[in-house]
Amino acid sequence: MAGTSSYPPQMAMPPAANQVAIISPQFCAPYPVDLNIVRKLMTLSEGSFGVTDVNGNIIFKVKGKLFSLRDRRVLVDAAGNPLVTFQQKMLTAHRRWQVYRGESTDTKNFLFSVKKSSLLQFKTKLDVFLAHNTKEDVCDFRIEGSWFERSCVIYAGNTNTIIAQMHRKHTAQSILLGKDNFGVTVYPNVDYAFVVALVVILEEINEDRSGED
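These lines cover the structure that appears in this document, whether it is placed above or below. (Residues numbered from 1 in each chain as written. Predicted model: local features only at pLDDT ≥ 70, side-chain atom pairs only at ≥ 80, totals over all residues. Heavy atoms only, no water.)

### Re the overall build of the protein chain
Inference 1: Along its length, the protein chain carries two helices and 13 strands.
Inference 2: Looking at the 213 residues of the protein chain, the share that counts as buried comes to 51%.
Inference 3: Long-range contacts, defined here as pairs at least 24 residues apart, represent 41% of the contacts in the protein chain between residues at least 6 apart.
Inference 4: With an accessible surface of roughly 10,700 Å², the protein chain has 55% of that area assigned to carbon and sulfur atoms. (Helix = DSSP H or I, 4+ residues; strand = E, 2+ residues; numbered from the N terminus. Buried < 20%, exposed > 50% of the residue type's maximum accessible area, 1.4 Å probe, protein only. Contact = heavy atoms within 4.5 Å. Areas by Shrake-Rupley, 256 points an atom, 1.4 Å probe, with all protein chains shown as cover.)

### A word on unusual backbone geometry
Inference 1: In this structure, Glu-136 is a non-glycine residue whose phi angle is positive, near 55°.
Inference 2: Position of Glu-136 among the secondary structure elements: in the loop between strand 9 (124–130) and strand 10 (141–146).
Inference 3: Positive phi, close to 55°, is recorded for Arg-150, a residue that is not glycine.

### Points about the pairing of strand 7 (residues 97–101)
Inference 1: Within strand 7, four of the five residues are buried, which leaves the element mostly enclosed by the surrounding structure.
Inference 2: Bridging between strand 6 (residues 82–88) and strand 7 involves five bridges; their strand directions are antiparallel. Of the residues in strand 7, the one forming a bridge with Gln-87 is Gln-98.
Inference 3: By the bridge criterion, four bridges tie strand 7 to strand 8 (residues 110–116) in an arrangement that is antiparallel. (Pairing = 2+ DSSP bridges.)

### Examining helix 2 (residues 192–206)
Inference 1: The end-to-end C-alpha separation of helix 2 is 21 Å, in line with the 21 Å expected for 15 residues at 1.5 Å each.
Inference 2: Extensive coverage of helix 2 is indicated by the burial of 15 of its 15 residues.
Inference 3: Backbone nitrogen of Ala-193 and a side-chain oxygen of the N-cap are separated by 3.0 Å at the start of helix 2; the cap is Asp-191. (Expected span 1.5 Å × (residues − 1). Polar contact = N/O pair within 3.5 Å; in protein donor to acceptor, adjacent residues only side chain to side chain.)

### Thoughts on the packing of aromatic side chains
For any two aromatic rings, the description comes down to two numbers: the centre-to-centre distance and the angle of the planes.
Inference 1: For the coordinates displayed, the defined rule picks out seven aromatic pairs.
Inference 2: For the pair Trp-147 and Phe-182, a centre-to-centre distance of 5.6 Å together with 85° between the ring planes defines the contact as edge-to-face. Of this pair, Trp-147 sits in the loop between strand 10 and strand 11 (151–156) while Phe-182 sits in strand 13 (residues 179–186), and the two are 35 residues apart along the sequence.
Inference 3: Taking the relative accessible area as the measure of exposure, Trp-147 reaches 6% and is therefore buried.
Inference 4: Judged by relative accessible area, which is 0%, Phe-182 ranks as buried.
Inference 5: Feature note: the residues Phe-27, Phe-60 and Tyr-192 constitute an aromatic cluster, connected by ring pairs.
Inference 6: The aromatic ring of Tyr-155 is capped on one face by Arg-142, whose charged end is 4.2 Å from the ring centroid.
Inference 7: Stacked on the ring of Trp-147, the Lys or Arg Arg-150 has its end atom at 4.0 Å from the ring centre. (Phe/Tyr/Trp six-rings, centres within 6.5 Å; stacked < 30°, edge-to-face > 60°. Lys NZ or Arg CZ within 6 Å of the ring centre and 35° of its normal.)

### Here we look at the environment of Ser-146
Inference 1: For Ser-146, the location among the structural elements is in strand 10.
Inference 2: Residue classification places Ser-146 among the buried residues on the basis of a relative accessible area of 6%.

### A few points about the environment of Val-114
Inference 1: Structurally, Val-114 is set in strand 8.
Inference 2: Taking the C-alpha atoms as reference, Val-114 lies 4.5 Å from Val-128; in sequence the two are 14 residues apart.
Inference 3: Excluding residues within four positions of it along the chain, Val-114 makes contact with Arg-95, Arg-96, Trp-97, Leu-126, Asp-127, Val-128, Leu-198 and Ile-201.

### Details of the pattern of salt bridges
Inference 1: Tallied over the full model, the rule gives five salt bridges.
Inference 2: For Arg-73, the salt bridge identified is with Glu-204, shortest N-O distance 2.9 Å. A residue pair is termed long-range when its members are at least 10 positions apart, and Arg-73 in strand 5 (residues 72–77) and Glu-204 in helix 2 qualify at 131 residues.
Inference 3: Classification of Glu-204 as buried rests on a relative accessible area of 6%.
Inference 4: Between Glu-144 and Arg-142 there is a salt bridge; the shortest N-O distance is 2.8 Å.
Inference 5: Look at Glu-144 and you get partly exposed, because its relative accessible area is 25%.
Inference 6: Residue Arg-142 is classed as buried on the basis of its relative accessible area, which comes to 8%.
Inference 7: Taken together, the shared-partner salt bridges in this structure form one network comprising Lys-125, Arg-142 and Glu-144. (Salt bridge = Lys/Arg side-chain N within 4 Å of Asp/Glu carboxyl O.)

Listed below in structure tokens is the structure:
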């Protein structure tokens, strides 16, 4: 089970009735969840991300699809079951990624999309639109902060309601093993698999940026 975290006193815990379950309610906990994300700096197509709880137990992995374009990823649980597939939409100016349930990229399994809020950015700012939000007048979630500092916050829509925060972690192990290790705190009743999916896309969008942070 994922570990618990101290909860910022200034934020009221969202009630269970307001549960944010995008991928599955099974990933919603009634308490804050701390996750560790380890990104290997030199990888092949498998295992680019590993997500553990505070005790080091693997919860999720992110895998690349063998013999496919490099812009496709699959989030799997600890047993290797596919949860969602990420695919970059080709020929879009805003680096839009689309997310589908399971290993499908069929429109009937479309869950949400993520895109840069503007072409030129000095700080990270991404908009998240759920499948039913076809007009995209207002985003359902947004990500703001600095990817370079691994200091980003995920908000609900255009509100100041925080659902998750990420922060850099420096450990002797991460330096010795050549890995980029950072943490994410997911707020109560928020789908932490969904949050991990957003962090994966955040990394994909930012990995080849030059000087935008």
